[in-house]
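What the coordinates show
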Amino acid sequence: MRTTKISQKLKLFPEDNDNWDQDEPEQAEVYNQIAKIPHGIAREEAEMLNKMDRSELSRMTAYCTASAYRMDELMKYLQSKKRTNGTSPKRFDECLYTPYAFTFPVSPPHEREVERGQTRLPEMFLFDYGVIVFWGMSYKEEQRILKSLEPFEEEKLELDDVETEEFHYYYNEHYQPRIYNDIITLRHPSNYLVKLTIAHAIAQSVKMTLFERLIDDTINETKYIPQVMAESGNIHMSRTAITKKIGQLFIMRINVNLVSNILDTPEIFWSEPTLEPLYSAIRGYLEISQRVELLNQRVEVISDLLEMLKDHLNSSHGEQLEWIVIWLIGMEIVVAVITTCLDAFSLSHK
């Protein structure tokens, strides 16, 4: 799980052709707490963000609800909602984007709303690996949409297994775009490609969170096995139980390989290279690279346990075969002795 959920980290977003801010190098590994941010505009803005009331800001949330979405069917469904909900779906490789409003057409905006840039429809981004990212919706609206999307889910997750990420955002033309303490600052509401870029990284993060939890659960459920072997020199499990455990660990390894493919750089950034620095920035804030490395280390632990169980199963099977051979030889000896005794007995009575 990313540590920025509980720590205050400032990440400045690159702007067009501008370079990275000198106070926040691209490969920085140390968190920039407010006290460590140099005095000036950057620190003043960070302090202001820290005092903001999140309940007054727009929500940006991500949900991992399934193994995958049926994107072609989703596209047709969203196209059918154009008149009632203002949808205008667009496909970007593994992502499906559309605005979506429960009240459409919207009422004329107030002057204050225009100044804040709050006149656009809420938006959502659906990813084919079972993640949806909402921009500008309330919690109740998000739940209504999630309910309506259930027919398009594959391998739907149980309610307790659904992973979520929650951020807040607002617009300010005078500040450099940034993310601080899970509050995103953007300049303009009209560029949905910027939101798509941010949504890509956050969708990958929430998908990874699911697998991080699954691997943690798997390690916790199986960590007693090496301990038992160290204490007793044997695994008190039946051959069937060991085979099932090997199958579970192997499935976990396959799933981790799958999520590794999901965490590759999305193809859109090959066709839109100007968006790639922003994607790298938000990916850095979410600590995806560090988490991938830790994930791989934990997979190695599972792989070692998998090999150990295989070796134990093979050695156990070999021991069983040896005992079978010993019993067969013993039975053959017994039969030979009985036969010899019967022959000797019959000869002695002739």
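Below or above, wherever it landed, is the structure these notes cover. (Residues numbered from 1 in each chain as written. Predicted model: local features only at pLDDT ≥ 70, side-chain atom pairs only at ≥ 80, totals over all residues. Heavy atoms only, no water.)

Here we take up the overall build of the protein. Each helix and strand counted, the protein has eleven helices and eleven strands in total. Here the protein holds 350 residues, and 42% of them are scored as buried. Taking as baseline every contact in the protein between residues at least 6 positions apart, the subset at least 24 positions apart corresponds to 72%. Surface summary for the protein: the accessible area is close to 20000 Å², and the carbon and sulfur share equals 54%. (Helix = DSSP H or I, 4+ residues; strand = E, 2+ residues; numbered from the N terminus. Buried < 20%, exposed > 50% of the residue type's maximum accessible area, 1.4 Å probe, protein only. Contact = heavy atoms within 4.5 Å. Areas by Shrake-Rupley, 256 points an atom, 1.4 Å probe, with all protein chains shown as cover.)

Let's shift gears to a nonpolar patch on the surface. Among the surface-exposed residues, Val325, Ile329, Ile333 and Val337 lie close enough to one another that they form a single nonpolar patch of about 340 Å² accessible area. Checked against the element boundaries, isoleucine 329 lands in helix α11 (residues 288–348). (Patch = residues over 30% accessible without salt bridge, like charges linked within 9 Å, V, L, I, M, F, W, Y side chains within 5 Å. Salt bridge = Lys/Arg side-chain N within 4 Å of Asp/Glu carboxyl O.)

What follows deals with the pairing of strand β5 (residues 95–99). For β5, the tally of buried residues reaches five of five residues, placing the bulk of the element in the interior. With burial as the criterion, each face of β5 is covered, one bearing Cys95, Tyr97 and Pro99 and the other bearing Leu96 and Thr98. Note that strand β4 (residues 90–92) and β5 share three bridges and pair antiparallel. Considered in β5, the bridge of arginine 91 is made with leucine 96. From the end of β4 to the start of β5, which pair antiparallel, there are two residues, and aspartate 93 there has a positive phi angle of about 55 degrees. Looking at chain direction, β5 and strand β6 (residues 123–127) are connected through five bridges and run antiparallel. Its bridge partner being in β6, threonine 98 is matched across the sheet by methionine 124. (Pairing = 2+ DSSP bridges.)

This brings us to the environment of glutamate 163. Looking at the secondary structure, you find glutamate 163 in strand β9 (residues 163–171). With relative accessibility at 12%, the residue glutamate 163 sits in the buried group. With 48 residues separating them in the primary sequence, glutamate 163 and phenylalanine 211 have C-alpha atoms 9.9 Å apart. Once residues within four sequence positions are removed from consideration, glutamate 163 is found in contact with Ala62, Tyr63, Cys64, Val206, Thr209, Leu210 and Arg213. A distance of 2.6 Å separates the side chain of glutamate 163 from the side chain of arginine 213, its partner in a polar contact. (Polar contact = N/O pair within 3.5 Å; in protein donor to acceptor, adjacent residues only side chain to side chain.)

What follows is about the nonpolar core. Counting 60 residues, the largest nonpolar core has Val133, Trp135, Ile184 and Ile198 as the members making the most contacts within it. Of all the elements, helix α6 (residues 192–222) adds the most residues to this core, at twelve residues. Not counting chain neighbours up to four residues away, the residues in contact with tryptophan 135 comprise Arg59, Met60, Pro122, Glu123, Phe125, Tyr169, Ile184, Leu186, Lys195, Ile198 and Ala199. (Core = buried A, V, L, I, M, F, W, Y, C linked by side-chain atoms within 4.5 Å.)

Moving on, we come to the packing of aromatic side chains. A complete count under the given rule lists ten aromatic pairs for this structure. On the numbers, 5.0 Å between centres and 35 degrees between planes, the contact of tyrosine 97 with phenylalanine 125 is tilted. Of this pair, tyrosine 97 sits in strand β5 while phenylalanine 125 sits in strand β6, and the two are 28 residues apart along the sequence. Considered together, tyrosine 97 and phenylalanine 125 belong to a single accessibility category, that of buried residues. Among the aromatic residues, those joined into a cluster by ring pairs are Phe92, Tyr97, Phe125 and Tyr192. (Phe/Tyr/Trp six-rings, centres within 6.5 Å; stacked < 30°, edge-to-face > 60°.)

Purely geometric stuff here, so don't read any function into it on its own.
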